[in-house]
Amino acid sequence: MSGLSISRRGLLAGVSALGASAALSACGAKTGSDTSSTGAKADTSGDTVKVGLLNSLSGTMAISEVTVHNALLLAVKEINAAGGVLGKKLKPVSQDGASDWPTFAEKAQTLITDDKVVATFGCWTSASRKAVKPVFERNKSLLFYPVQYEGLEESPYIFYTGATTNQQIIPALDYLKKQGLTKLYLVGSDYVFPRTANKEIRAYAKANGMEIMGEDYAPLGSTEFSTIVNKVKDAGADAVFNTLNGDSNVAFFKEYKSAGLTAKSLPVLSVSIAEEEVKSIGTQYLEGQLTAWNYYQTTPGAANEKFVKAYQAVYGKDKPTSDPMEAAYISVYLWKAMVEKAGSFDVAKVKAASDGITFDAPEGKVTVDGATQHVHKTARIGKVGSDGLITEVWNSGKPIKPDPYLKGYSWASGLS
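Residues numbered from 1 in each chain as written. Predicted model: local features only at pLDDT ≥ 70, side-chain atom pairs only at ≥ 80, totals over all residues. Heavy atoms only, no water.

Chemist: Account for the overall build of the protein chain, with residues named and values stated.
Modeler: When its secondary structure is counted, the protein chain shows 13 helices and 15 strands. Taken against the 2.2 N^0.38 rule, which gives 22 Å for 416 residues, the C-alpha radius of gyration of the protein chain at 21 Å falls within 12% of a compact globule. Expressed along its principal axes, the backbone C-alpha trace of the protein chain runs to roughly 65 × 45 × 40 Å. Counted over contacts in the protein chain with a minimum sequence separation of 6, partners at least 24 positions apart contribute 69%. Counting every atom, the protein chain has about 15200 Å² of accessible surface; 49% of that belongs to carbon and sulfur. Each charge class in the protein chain was averaged separately, 44 positive and 42 negative side chains, and the resulting centres sit 3 Å apart. (Helix = DSSP H or I, 4+ residues; strand = E, 2+ residues; numbered from the N terminus. Rg over C-alpha atoms; globule rule 2.2 N^0.38 Å. Contact = heavy atoms within 4.5 Å. Areas by Shrake-Rupley, 256 points an atom, 1.4 Å probe, with all protein chains shown as cover. Lys, Arg positive; Asp, Glu negative; His and termini not counted. Charge placed at Lys NZ, Arg CZ, Asp CG, Glu CD.)

Shown next, in the form of structure tokens:
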């Protein structure tokens, strides 16, 4: 049933075709009091408007995406308590992408056509985003995507509230270089994000005197890492750059420790492991290891203290917050600000109002770049502590302007 067993090339072709097919099947939707002249029509005629939440609530990615779904629900709850948006309360409609990219495309179409949502928030992996992208574009409906990704993409109907490459991966490489860790081994899941990210890492390495000692991929959901870990151990690397996603990280880090590898002997820098994953994997396997994000539960500031307190009041005092959760949470508030600036739920008007929208987020001040529909974000490197939390060891000092196509880097000229 799952698309996880399909080859990478076949998978990508399949999701693209399915997404286009689903988009073409869109039928006319109910028109409310606030309509757009083209595309799917959201129903805004009543006292409530529907917003779509599209996350993996089951399957290998549920380890990460359930918490994002919870953060989205928290934002909706808070906004409703404060009066809603343009006088209308938000009604969340959840769909389970089930860690299966064709399912994501189908559920996206359902949210737009059947549920008539005014906007959708969700997806995690780049494969899921690539699968739904043609659906949102064909229907002229908005998706707010909350997770760091590989860049080299812009869509008129997607707002990217997680980091793009120059706000996470490049700062992480800069940090490793400054630490003298110039011989890297690349380990990732076998799909879009890790392969594209590693192509970018190789280009950076070539231009910055770094050496790639090896590169390996495992299928999403894989639990067999003895061969890869043994290759890592024998490669002579200074550090591992980890782009594994989902519960494969559990098996990888258990095998890593079993092989006698530690954060001190061969550090791993991960770009898809946050506080929730640390808890699931086990602190004993991750203590001292590095991560690259834009937010941590320990990030200082009143806005973050309020966010953590509010989240834990709903979901439990033992539940950590994380970067993707925070990026999802603020995405609802950024959309709200766009709608209120536009004075309308109309997609074209919301898009036109987006540039320069700011929000005092838990991660610090963020600003929407209307040209790319990405967000200015502060880069942060963190280290996993014995308490399972991640403490910042470096930050960029100020928010970084998004550069999804890496136009500001001469070494990246051939990547896109």
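Chemist: Describe in detail empty space enclosed by the protein, supporting the description with residues and values.
Modeler: Within the structure shown, the criterion is met by 2 cavities of 30 Å³ or more. Each pocket or cavity is described by its volume, and for the second largest cavity that value is around 30 Å³. Along its surface, the second largest cavity is lined by Trp-124, Thr-125, Ser-126, Tyr-145, Val-147, Gln-148, Tyr-191, Phe-193, Asn-245 and Ser-272. (1 Å grid on protein atoms, 1.4 Å probe; cavity = no way out; pocket = protein on both sides within 12 Å on 5 of 7 lines; lining within 4 Å. Points joined across faces, edges and corners; volume = space filled by probe spheres on them.)

Chemist: Please set out the pattern of salt bridges residue by residue, giving values where relevant.
Modeler: Within the structure shown, the criterion is met by 11 salt bridges. One salt bridge connects Lys-377 with Glu-363, and the closest N-O pair in it is separated by 2.8 Å. Taken together, the residues Lys-377 in the loop between strand E13 (374-376) and strand E14 (380-384) and Glu-363 in the loop between strand E11 (358-361) and strand E12 (364-369) connect sequence positions 14 residues apart. Across the pair, Glu-363 and Lys-377 agree in class, each one buried. Three or more residues are tied together by salt bridges with common partners; here these are Arg-129, Lys-130, Glu-150 and Glu-153. (Salt bridge = Lys/Arg side-chain N within 4 Å of Asp/Glu carboxyl O. Buried < 20%, exposed > 50% of the residue type's maximum accessible area, 1.4 Å probe, protein only.)

Chemist: I'd like a rundown of the pairing of strand E7 (residues 211-218), residues and numbers included.
Modeler: Pairing of strand E6 (residues 183-189) with E7, which is carried by 7 bridges, proceeds in the parallel orientation. Within the sheet, the bridge partner assigned to Ser-189 lies in E7 and is Ala-218. (Pairing = 2+ DSSP bridges.)

Chemist: Go over the environment of Gly-356 with me, naming the residues and quoting the values.
Modeler: When you line up the elements, Gly-356 lands in the loop between helix H13 (347-352) and E11. Considering only alpha carbons, one finds Gly-356 and Val-375, 19 residues apart in sequence, at a separation of 9.5 Å. Beyond its immediate stretch of four places on either side in the chain, Gly-356 contacts Thr-367 and Val-368.

Chemist: I'd love a proper account of the sheet that holds E7, names of residues and values included.
Modeler: In a beta sheet, neighbouring strands are held together by backbone hydrogen bonds and run either parallel or antiparallel to one another. The strand order across the open sheet built from 7 strands is E7-E6-E8-E9-E10-E14-E15, with neighbouring strands paired in mixed fashion. Two strands lie at the open edges of the sheet, namely E7 and strand E15 (390-395), each paired on one side alone. Along the sheet, successive strands turn relative to each other by an average axial angle of 25 degrees, direction set aside. Bridge analysis of strand E9 (residues 268-270) against strand E10 (residues 290-293) gives 2 bridges, and the strand direction is parallel. In the strand pairing of E10, Leu-269 is matched with Leu-290. (Axes fitted to C-alpha atoms, helices over the stretch in contact; angles between N-to-C directions.)

Chemist: Lay out the side chain of Asp-323 with the relevant residues and their values.
Modeler: Following the sequence through the fold, Asp-323 ends up in helix H12 (residues 323-342). The contact partners of Asp-323, leaving out residues within four places of it in the chain, are Ala-274, Glu-275, Trp-293, Asn-294 and Tyr-295.

Chemist: Summarise the environment of Lys-199; cite the residues concerned and give the values.
Modeler: Positionally, Lys-199 belongs in helix H6 (residues 192-207). Owing to a relative accessible area of 40%, Lys-199 belongs among the partly exposed residues under this scheme. Along the sequence, Lys-199 and Asp-323 sit 124 residues apart, while their C-alpha atoms lie 24 Å from each other.

Chemist: Give a detailed account of the nonpolar core, specifying residues and quantitative values.
Modeler: Core analysis: the biggest nonpolar cluster contains 97 residues, and Phe-121, Phe-241 and Trp-335 have the highest contact counts within it. Those residues within four positions of Phe-241 in sequence are excluded, and the remaining contacts are Ile-169, Ala-172, Leu-173, Leu-176, Tyr-185, Leu-186, Val-187, Ile-201, Leu-269 and Val-271. Ile-63, Val-250, Ile-273 and Tyr-296 belong to the second largest nonpolar core, which has 29 residues in total. (Core = buried A, V, L, I, M, F, W, Y, C linked by side-chain atoms within 4.5 Å.)

Chemist: Let's hear about the pairing of E12: which residues, and what values?
Modeler: Sheet topology places E11 next to E12; 4 bridges connect them, and they run antiparallel. Paired with Thr-358 across the two strands is Thr-367, which belongs to E12. Linking E11 to E12, which pair antiparallel, is a turn of 2 residues. Count of turn residues in the E12/E13 antiparallel hairpin: 4 residues, of which Gln-373 carries a positive phi of about 60 degrees.

Geometric values such as these leave the question of function open.
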